[in-house]
Amino acid sequence: MTLPFIDLQAQRLRLDGAIERAVAEAVTGGAWVMGPQVRQFEADLAAFGRARHALGCANGTDALALPLMAWGVGVGDAVFCPSFTFTATAEIVPWTGAEPVFVDVDARTYNLDPERLEAAIRAVQAEGRLRPRVVIAVDLFGQPADYPAIRAVCDRHGLKLIADSAQGFGGTLNDEHPLHWADVTTTSFFPAKPLGCYGDGGAVLTDDDDLAQEIDSLRVHGKVVAKDMTEGQAFEHDPKYLAMRIGMNSRLDTIQAAILIEKLKVFGQEIEWRDRIAARYNERLAPHVAAVPQVIDGGRSIWAQYTIEHEDRDGLAAHLKAEGIPTAVYYPVPMHMQPAYAGFARGAGGLPVTELIRERVISLPMHADLDEATQDRVVEAVAGFEGAGA
Ligand SMILES: Cc1ncc(COP(=O)(O)O)c(C=O)c1O
């Protein structure tokens, strides 16, 4: 029998009808767009993420675009981000007219390398064609990037910092969420994410009151918000019928918010379970693979993926498939090698780490409901691989 890579039905059953009840209430409640569940979930999410504001939106891609739009990032601007990430991280940059600059990652954590970031910024400054504006750090596979070092680089050059926590929301560094260092944290509620809904969804978190209003406006067609009004001024109609800026339609559905309210209640517990599973995997897999995941000192991963390295990665994948164990490769083609993105700049020194690990990484089944017997089945199958070896 083939195992599920991520078993979301096990979670649904464990929650014992709570999700189905929440969906039914959202349906009968009738406030299907921006209903009370959206407000409640935003408050719950802000509390969980220790943020002054959490704003739901349609997906984790829009969540990245919204702050860039709010900051007026556009033609002639450079946005620095890793190449070893999902398309969305870079995709939103050309939307604004700006250009991504791809930076290499740390060989142990796969997250943005602060020294390579510094070098990339200096190279862009020296060339003089683009103006450095924003850094997007990604919490790849669930663990936080090196935010203290990345923030220091941003401060040195006057750049904004976005934490793309689509894979890592809930992860911490020295007990702090990425927002402790970043101007904005974004996340995705795509179903496979550790905090996922039953469709598409996303959120932006920030402590910046002014930015929160800008994003609230942009997500609803540039609607008028409190900061647009002078003292005593009022608009007596639906605010979305007064457009103060060029916005978009990017709202979190009420039904998805209702699901997320239930899932957030157990998310902290699930992170602990995932951490326990990863520790057990680490101990048992270490002798059989080239590398088990390495988390930054003081970091806590939420284990969106459990990713190992193997010298015969494709051989291992074929072997595991034959044993009924699904695997995934994130990411075989990094952004700077993608046809649509190959023309954009690369940080000084190229991307040697990215190009090495793309051939070695492979992710194994990981979810909060993975029991020990199933973990052992995965471990035994990896140990049984007689390929080129680790
Ligand atoms: C690192 C990263 N950023 C952004 C996104 C975009 O999220 P969404 O699929 O909700 O648009 C994803 C989703 O897969 C992601 O992995």
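Engineer: So what's going on with the layout of surface pockets? Residues and values would help.
Structural biologist: Looking at the largest pocket, its volume works out to about 480 Å³. As for the largest pocket, its lining consists of 25 residues, of which F86, Q167, S188, K193 and Y331 are closest to the centre. Those elements that provide at least two residues to the lining of the largest pocket are helix 4 (60-70) and helix 5 (88-96). Here the element with the most residues in the lining of the largest pocket is helix 4; it accounts for three residues. The class makeup of the residues in the lining of the largest pocket is 13 nonpolar, nine polar and three charged.

Engineer: Tell me about the environment of V266, and please be specific about residues and values.
Structural biologist: Its location among the elements puts V266 in helix 9 (residues 254-285). Through-space distance from the C-alpha of V266 to that of Q11 is 10.0 Å; in sequence the pair is 255 residues apart. Apart from the residues lying within four places of it in its own chain, the contact partners of V266 are R14 and L15.

Engineer: Describe the site of the ligand, naming the residues involved and giving the relevant values.
Structural biologist: The local shell around the ligand holds 15 residues, among which G60, T61, D164, S188 and K193 are the closest. Considered on its own, the ligand offers 390 Å² of accessible surface; in the complex 91% of this is hidden by protein. Taken atom by atom, the bulk of the ligand overlaps the largest pocket. Mapped onto the shell around the ligand, the elements with two or more residues apiece are helix 4 and helix 5. Ranked by residue count, the leading element in the shell around the ligand is helix 4, at three residues. Among the residues making up the shell around the ligand, the classes are represented as five nonpolar, eight polar and two charged.

Engineer: Can you break down the packing of helix 6 (residues 114-127) against helix 7 (residues 147-157) residue by residue, with the values?
Structural biologist: When two helices pack together, their arrangement is given by the angle between the helix axes and by the axis-to-axis distance. Contact geometry for helix 6 and helix 7: axes closest at 9 Å, N-to-C directions at 20 degrees. Relative to helix 7, the element helix 6 lies roughly parallel. By crossing handedness, the relation of helix 6 to helix 7 is classed as right-handed. When helix 6 is examined against helix 7, the residues P114, L117, E118, I121, R122 and Q125 are found in contact with a partner set consisting of A149, I150, V153, R156 and H157.

Engineer: Which residues make up the side chain of T185, and what values go with them?
Structural biologist: With respect to the element layout, T185 can be found in strand 7 (residues 184-188). When near neighbours in sequence (up to four residues on either side) are disregarded, T185 contacts A163, S165, F169, P178, L179, A203, V204 and L205.

Conventions we followed
- Residues numbered from 1 in each chain as written.
- Predicted model: local features only at pLDDT ≥ 70, side-chain atom pairs only at ≥ 80, totals over all residues.
- Heavy atoms only, no water.
- 1 Å grid on protein atoms, 1.4 Å probe; cavity = no way out; pocket = protein on both sides within 12 Å on 5 of 7 lines; lining within 4 Å.
- Points joined across faces, edges and corners; volume = space filled by probe spheres on them.
- Helix = DSSP H or I, 4+ residues; strand = E, 2+ residues; numbered from the N terminus.
- Nonpolar A, V, L, I, M, F, W, Y, C, P; charged D, E, K, R; others polar.
- Contact = heavy atoms within 4.5 Å.
- Near = heavy atom within 4 Å.
- Areas by Shrake-Rupley, 256 points an atom, 1.4 Å probe, with all protein chains shown as cover.
- Sits in = over half its atoms within 2 Å of the grid points.
- Axes fitted to C-alpha atoms, helices over the stretch in contact; angles between N-to-C directions.
- Parallel < 35°, antiparallel > 145°, perpendicular 65-115°, else oblique.
- Left-handed = near helix turned anticlockwise from the far one by under 90°.

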